[in-house]
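Chain residues, written in single-letter form:
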Amino acid sequence: MTASAESIPPTHADEAHRLLTDAFACFLRLIESLHADDWSKPTPCAAWDVHDMVAHQAGGYASGASYREMFRQYAQIPKAGQLPEDAINALQVGERKAKTPAELIAELKRVGPPAIHNWAYGFNAVKWIALPHPVGGFMSLRYLMWVTHSRDTWMHRLDICRATNRPFEQSREHDGRIVELVVRDAAKKLRKRLNGKALTLTLTGVAGGAWQVGNGEPAAGLEMDALDFNIFVSGRFSYEEGMARAKRSGDTALVERAFKNLLILY
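Predicted model only: the values in this text are computed from it and were never measured.

Undergrad: Help me out: how do you make sense of the overall build of the protein in this one?
TA: When helices and strands are tallied, the protein shows 10 helices and 7 strands. Computed over the C-alpha atoms, the radius of gyration of the protein is 18 Å, within 12% of the 18 Å expected from 2.2 N^0.38 for a compact globule of 266 residues. Taken over the C-alpha atoms alone, the protein extends approximately 55 × 45 × 40 Å along its principal axes. Taken across its 266 residues, the protein has 52% of its residues classed as buried. Considering only contacts in the protein between residues 6 or more positions apart, those separated by 24 or more positions represent 67%. Measuring between centres, the 32 positive side-chain charges of the protein sit 4 Å from its 30 negative side-chain charges.

See below:
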């Protein structure tokens, strides 16, 4: 059955805590299973190897452990043409270049649980703050904490699985809900591009589903593997590679126009 993408429910504190907890546990299981030579392998994020990516995660969770560390990291000033998070990411990775894999894992185990609790239930003095973002649009810190952080960990787990040729652990309950929230964000952007028309988005695999974006009879459709879709809308696939992995139906020009330069914040 095709559901309305716009009717996908938003998350809430308890669910955010569960999604963060599950994403963190899956990420830890993966990195604890890596071999020594896996840590230097390149990832789909061209500037980072696996060690850098785990360092970013350790730094990200450290930012959630206290107001002091959050403000210290958020105070980084982007360079010209740099997204705000790029400056923060550079700090996180740079400060951990010399750490061993064991030290990164130990840091994640130390800072992860308090960060997850704070992001879900704490930091109430700043959660109301909303700022414009070139990819995410006008976005609150609560949204960043409740939605984007678990999505970021989920996506980087997929990156590392691709880099190290590991299977990607999935469940309908966890991964399916992460993907739903991505589709919810995508639908907001797609609707503006459809000029009153509608299309169906069918994502296959454990984490997939079928949704309609827009009102009325769909004029077109796109079908894609759910993991490939996330790789695509995160900018890890080029537009051409993403379209090559998708099946288009109906008004293919509408599909191509809707998904051209579509980016979702991870």
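Having seen it, we continue.
Undergrad: Before we go on, may I ask you to explain unusual backbone geometry in this structure?
TA: Note: most peptide bonds trans; most residues except glycine with negative phi. Phi at N165 takes a positive value of approximately 60°, unusual for a residue other than glycine. Within the secondary structure, N165 is located in the loop between α6 (141–164) and α7 (172–193). Positive phi outside glycine occurs at N261, with the angle close to 60°. Relative to the helices and strands, N261 is located in the segment after α10 (252–259).

Undergrad: Any chance you could explain the state of the cysteines here in plain terms?
TA: Each disulfide is one covalent bond, formed between the sulfur atoms of two cysteines. Inspection of the entire model under this criterion finds 0 disulfides. C161 supplies the cysteine sulfur nearest to C26, a cysteine that is in no disulfide, at a spacing of 9.6 Å. The exposure class of C26 is buried, given its relative accessible area of 9%.

Undergrad: Looking at this structure, I do not really get the pairing of strand β2 (residues 130–133). What am I missing?
TA: Here is the key point about a regular strand: its side chains alternate between the two faces of the sheet. Of the strand pairs in this sheet, β2 and strand β3 (residues 137–140) are connected by 4 bridges, and their pairing is antiparallel. Opposite H133, over in β3, you have G137 as the bridge partner. Here β2 folds back onto β3 in antiparallel fashion, the turn holding 3 residues.

Undergrad: I would appreciate a short explanation of the side chain of R236 in the present structure.
TA: Assignment of secondary structure puts R236 in the loop between α8 (226–233) and α9 (239–244). Within the local environment of R236, its side chain forms a polar contact with the side chain of D159, the two groups lying 2.8 Å apart. Every residue in contact with R236, bar those within four places of it in the chain, is listed here: P44, C45, M155, H156, D159, R162 and I231.

Undergrad: Mind showing me how you'd approach the environment of M243 here?
TA: Along the chain, the position of M243 falls in helix α9. Under the relative-accessibility criterion, M243 is labelled buried at 4%. Distance from M243 to F232, taken between C-alpha atoms, is 8.8 Å for residues 11 residues apart in sequence. Other than its neighbours up to four places away in sequence, M243 contacts L222, F232, R248, E256 and F259.

Undergrad: How should I be thinking about the packing of aromatic side chains in this particular structure?
TA: Each aromatic ring pair is specified by the distance between its two centres and by the angle formed by the two planes. If you walk through the whole model with that rule in mind, you get 6 aromatic pairs. Consider the rings of Y67 and F71, whose centres lie 5.7 Å apart with planes at 25°: the pair is stacked. One end of the pair is Y67 and the other is F71, both in helix α3 (residues 67–74) and 4 residues apart, which spans about a single turn. Look at Y67 and you get partly exposed, because its relative accessible area is 31%. Residue class for F71 comes out partly exposed when judged on its relative accessible area of 46%. Aromatic pair Y67 and F123: ring centres 4.8 Å apart, planes at 55°, arrangement tilted. In this pair, Y67 sits in helix α3 while F123 sits in the loop between α5 (101–121) and β2, placing the two residues 56 residues apart along the sequence. A network of ring pairs unites the aromatic residues F24, Y61 and W119 as a single cluster. R151 extends its terminal NZ or CZ atom over the ring of Y266, reaching a point 5.6 Å from the ring centre.

Definitions and limits used
Residues numbered from 1 in each chain as written. Predicted model: local features only at pLDDT ≥ 70, side-chain atom pairs only at ≥ 80, totals over all residues. Heavy atoms only, no water. Helix = DSSP H or I, 4+ residues; strand = E, 2+ residues; numbered from the N terminus. Rg over C-alpha atoms; globule rule 2.2 N^0.38 Å. Buried < 20%, exposed > 50% of the residue type's maximum accessible area, 1.4 Å probe, protein only. Contact = heavy atoms within 4.5 Å. Lys, Arg positive; Asp, Glu negative; His and termini not counted. Charge placed at Lys NZ, Arg CZ, Asp CG, Glu CD. Disulfide = S-S within 2.5 Å. Pairing = 2+ DSSP bridges. Polar contact = N/O pair within 3.5 Å; in protein donor to acceptor, adjacent residues only side chain to side chain. Phe/Tyr/Trp six-rings, centres within 6.5 Å; stacked < 30°, edge-to-face > 60°. Lys NZ or Arg CZ within 6 Å of the ring centre and 35° of its normal.

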